[in-house]
Amino acid sequence: MDYAALAGLLFPNVTDTPQSLEEKYPPRQLPEGAVVTRMAPSPTGFVHLGNLVMGLTAERMAHQSNGILFLRVEDTDAKREVPGAVEVLIETLKHYGISFDEGATIDGDNGSYGPYRQRQRAGIYHVYAKQLVEQGMAYPCFCTEEELSAMRAQQEANKETTGYYGKYALWRDRALEDIQAQLAEGNSWVLRFRSTGSVENQFKFDDLVKGKLTITENDVDHVLLKSDGIPTYHFAHAVDDHLMRTTHVVRGDEWLPTLPFHIQLFKALGFKLPKYVHIGPLMKMDGTSKRKLSKRKDPELALTFYKAAGFPVEAVYEYIMTVLNSNFEDWRRANPTAPSDDFTFSPKKLNPAGSLFDYAKLTDVSKNEIAKMDSAKVYTLLTEWAGEYDPEFAELLCRNPDYAKSILAIGRGGKKPRKDLATWKEAKSYMGFFYDEYLTAPEFDEKFNKTVIYSVLDKFLDCFDISDDSGVWFEKVKTITAELGFTTDMKVYKADPNAFPGTVADVSTFIRQAVTGKTNSPDLYTVMQLLGYDRTVSRIKAVMATLK
Ligand code: GLU
């Protein structure tokens, strides 16, 4: 076979050479050990937690080593592409603190290793495709869909491995004349790799997450270019990651089965193999068993979910770090206020089998993160969130920022800050009662007589003085307790509950409910101080009117 003639026939318009591309995209001048890595998502419009997990891994590895993180858009599958998806992706990742040094941006490309959108790289792939054909390592295949399905059916019937390999690789050794005849008829073709591998052979491979792997050679003549001349993922991966000088490929472990082919392809193309960081899937507990998070069943897979629920970015970030690196939590305990970038991230600490996503844990982490913030920050983030998801609440918060900040300051700071909020969404039910618009009517425990509750409130109003300190205030509550035959001694009460109508806790609850509408609230004394005398009294009076 005259491979040069075949290459000329298939790629008549290719004039560039691999040499010229090597010169155009020279090795990067970076310090020793700098990691060059990328995110290479397909623009499907759905940004999921997995993107963030991989993005953070890549980001940490690049920036921790003074390397480069770039964004490449893998848009070879035009059918799956959603308009605006690249923008959504870039914005979402930015929201979570992932910024790219180079690559596709909303306004086009940034960097000298582009284009960074694969559809714009067709000419580049063809240069290498042509080279492979010239070297006898790739060939055109004119099989129709029908032929391929018939082949598959036969392989299945024979209980053989399915695929285009060995004797099934029908176009592997066809004469140049046959190929010319097909081309003359205008029949469409794909370009296939001529595999020299054998499934009898195995070799060792080291993945930075999975560790030592034993890999079986690939014997399938996989497709490199589809009939429209657009490359498959495999071919584009090899060409792009080589020319963009990627040192580490961070990607999902669904690519492990085709890794043997990728290794083969890098070798055939004369490219140095990058290091691989294959990340396991995100899983969750479903009853007693683990399963992969699914787009269909689990809304929490979508990153938009966390934004809408109002998890602060810091919380999601901290949580993902605890999931990714088992030693992050210990480090955090030892360095409670250090910026998380000070932590030394290692891909080796990732769980090779995949990570367990635990919503309850995220909630805990988030409570801690919010508890660490000062009230001004909480106010800013909360109003930002509400502005997008609950404009009416946002408006109330903005009407009197100082009032809102004082509410948010309750229990904040000090050694043991309160951990009331896990998300901004919860803020309304936590603090809404401070706004008359959101105050709800109390539902008193039916075991208490309305007149008793009335008397408690009445007595409270009689002695309520807004200038009392909290000690005096509580002494007054205790006095009311005793006057109405309730007890302040919990031990005594427990010993004989029937001896009293209730305790000081019940008395406080009546007052709390009258003022806040709820049985739970931040410190009641502070609540009253913030509401002020008039609003406290008018709320209590309004409730008393319903108890008559
Ligand atoms: N476009 C591929 C994906 O979204 C990229 C995998 C890779 O990073 O190489 O799965």
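Our structure's up above, just so we're on the same page.
The following paragraphs examine the structure supplied in this document. (Residues numbered from 1 in each chain as written. Predicted model: local features only at pLDDT ≥ 70, side-chain atom pairs only at ≥ 80, totals over all residues. Heavy atoms only, no water.)

**A word on the overall build of the chain**
Put simply, the test is: The way it works is that DSSP assigns letters per residue, a run of H or I at least four long becomes a helix, a run of E at least two long becomes a strand, and they are numbered from the N terminus. Radius of gyration here uses only the C-alpha atoms, and the compact-globule reference equals 2.2 Å multiplied by the residue count raised to the power 0.38. Partly exposed residues are those whose accessible area sits between 20% and 50% of the maximum for their type, while under 20% is buried and over 50% is exposed, using a 1.4 Å probe and protein chains only. Here the accessible surface of atoms and residues is derived via Shrake-Rupley with a 1.4 Å probe, and residues count as covered only by protein chains that are part of the display. His residues and chain termini do not enter the charge count, which takes Lys and Arg as positive and Asp and Glu as negative. The atom standing in for a charge is NZ when the residue is Lys, CZ when it is Arg, CG when it is Asp and CD when it is Glu.
Looking only at helices and strands, the chain has 23 helices and 14 strands in total. The C-alpha atoms of the chain give a radius of gyration of 33 Å, which is well past the 24 Å a tight globule of 548 residues would have. Considering only C-alpha atoms, the chain reaches an extent of 110 × 50 × 45 Å along its principal axes. Sorting the 548 residues of the chain into buried and exposed places 50% on the buried side. Looking at the chain as shown, the accessible area adds up to about 26,300 Å², and 51% of this sits on carbon and sulfur atoms. With 66 positive and 75 negative side-chain charges, the chain shows a separation of 4 Å between the mean positions of the two kinds.

**Quick look at the pattern of salt bridges**
To keep it simple, the criterion reads: What makes a salt bridge here is a side-chain nitrogen of Lys or Arg within 4 Å of a carboxyl oxygen of Asp or Glu, nothing more.
According to the stated counting rule, one finds 37 salt bridges in the structure shown. One salt bridge in this structure joins Arg333 and Asp330, with 2.9 Å as the shortest N-O distance. With Arg333 and Asp330 both in helix α12 (residues 328-334) and three residues apart, the pair spans about one turn of that helix. For Arg333, a relative accessible area of 60% corresponds to the exposed category. For Asp330, a relative accessible area of 48% corresponds to the partly exposed category. Salt-bridge contacts for Lys372 lead to Glu369; the nearest nitrogen and oxygen are separated by 2.9 Å. Residue Lys372 and its partner Glu369 are both found in helix α13 (residues 359-372); the two are separated by three residues, about one turn of the helix. Overall, Lys372 belongs to the partly exposed group, its relative accessible area being 46%.

**Points about helix α8 (residues 233-243)**
In terms of burial, α8 is largely enclosed, as 11 of its 11 residues are buried. Every buried residue of α8 is listed here: Tyr233, His234, Phe235, Ala236, His237, Ala238, Val239, Asp240, Asp241, His242 and Leu243. Remark: Arg245 follows α8 within two positions and exhibits a positive phi of approximately 60°.

**So, the sheet that holds strand β2 (residues 68-71)**
Whenever strands of a sheet pair, they do so through backbone hydrogen bonds, lying parallel or antiparallel. Rule in force here: Pairs of strands are assigned from DSSP output, requiring at least two bridges between the strands. With axes taken as lines fitted to C-alpha atoms, and helix axes fitted only over the stretch in contact, angles between N-to-C directions fall between 0 and 180 degrees.
One open sheet holds the four strands; their spatial order is β1-β2-β3-β4, and the pairing between them is mixed. Looking at the sheet topology across the chains shown, the edges are occupied by β1 (36-39) and β4 (108-110). If you compare each strand with its neighbour and ignore which way they point, the axes differ by 20° on average. Looking at chain direction, strand β3 (residues 102-105) and β4 are connected through three bridges and run antiparallel. Across the sheet, residue Gly103 finds its bridge partner in β4, namely Asn110.

**Focus: the environment of Tyr96**
To keep things clear, this is the line we draw: In this description, contact between two residues means that some pair of their heavy atoms is separated by no more than 4.5 Å.
As for its placement among the helices and strands, Tyr96 is situated in the loop between α4 (85-95) and β3. Measuring from C-alpha to C-alpha, the distance between Tyr96 and Ala122 comes to 32 Å, with 26 residues separating the pair along the chain. The contacts of Tyr96, once residues within four sequence positions are left out, are Leu52, Leu303, Tyr306, Lys307, Val313, Val316 and Tyr317.

**Details of the site of the ligand**
Note the threshold: It suffices for a single heavy atom of a residue to lie within 4 Å of a molecule or strand for the residue to be listed as near it. Polar contact is defined as a pair of N or O atoms within 3.5 Å, subject to the rule that within protein one atom must be able to donate a hydrogen and the other to accept it, and that residues adjacent in sequence are counted only when both atoms are side-chain atoms.
All residues in the neighbourhood of the ligand are listed as Arg38, Ala40, Ser42, Glu74, Tyr233, Val250, Arg251 and Trp255. Note that a nitrogen atom of the ligand is positioned 3.3 Å from one of the side-chain N or O atoms of Ser42. Take Tyr233: an N or O atom from its side chain is 2.4 Å from an oxygen atom of the ligand. In the complex, the protein chains occlude 82% of the 300 Å² of accessible area that the ligand would expose alone.

**With respect to the packing of helix α1 (residues 3-10) against helix α5 (residues 122-134)**
A pair of packed helices is captured by two measures, namely the crossing angle of their axes and the spacing between those axes. Short version of the rule: Should an angle fall under 35 degrees it is called roughly parallel, over 145 degrees roughly antiparallel, and 65 to 115 degrees roughly perpendicular, with every other angle called oblique. In a left-handed crossing the near helix is turned counterclockwise from the far helix by less than a right angle, and in a right-handed crossing that turn is clockwise.
Remark: α1 packs on α5, axes separated minimally by 7 Å, with the N-to-C direction vectors making an angle of 150°. Relative to α5, the element α1 is oriented roughly antiparallel. When the axes of α1 and α5 are compared, the crossing they make is right-handed. Together, Tyr3, Ala4, Leu6, Ala7 and Leu10 of α1 and Lys130, Val133 and Glu134 of α5 make up the contact between the two elements.

**Brief notes about the packing of α5 against α8**
Just so we agree on the cut-off: Just so you know the grouping, Ala, Val, Leu, Ile, Met, Phe, Trp, Tyr, Cys and Pro go in nonpolar, Asp, Glu, Lys and Arg go in charged, and all remaining residues, Gly too, go in polar.
Close contact between α5 and α8 brings their axes to 10 Å; oriented N to C, the two are set at 110°. For the element pair α5 / α8, the angle class is roughly perpendicular. Within the contact between the two elements, α5 uses Ile124, Tyr125, Tyr128, Ala129 and Leu132 and α8 uses Phe235, Ala236, Val239, Asp240 and Leu243. Tallied by class, residues from the contact of α5 with α8 come to nine nonpolar, no polar and one charged.

**Here we look at the state of the cysteines**
In plain terms, the rule: A pair of cysteine sulfur atoms is labelled a disulfide when the two atoms are within 2.5 Å.
Evaluated as defined, the whole model comprises zero disulfides. Counting only cysteine sulfurs, Cys143 is the nearest neighbor of Cys141, a cysteine outside any disulfide, at a range of 3.9 Å.

**Examining the sheet that holds strand β14 (residues 355-356)**
Pairing is mixed in the open sheet, where three strands are placed in the order β13-β12-β14. The open sheet has two edge strands with one neighbour each: β13 (289-292) and β14. Looking at chain direction, strand β12 (residues 282-286) and β13 are connected through four bridges and run antiparallel. Across the sheet, Met285 pairs through a bridge with Lys290, a residue of β13.

**Re the pairing of strand β8 (residues 211-216)**
Here six bridges tie strand β7 (residues 202-207) to β8, and the two strands are oriented antiparallel to one another. Its bridge partner lying in β8, Asp206 is registered against Lys212. Between β7 and β8, which pair antiparallel in sequence order, lie three residues.

**Focus on the side chain of Ser375**
With respect to the secondary-structure elements, Ser375 resides in helix α14 (residues 375-389). Apart from residues lying up to four places away in sequence, Ser375 is in contact with Lys405, Leu408, Ala409 and Arg412.

These figures capture arrangement, not role.
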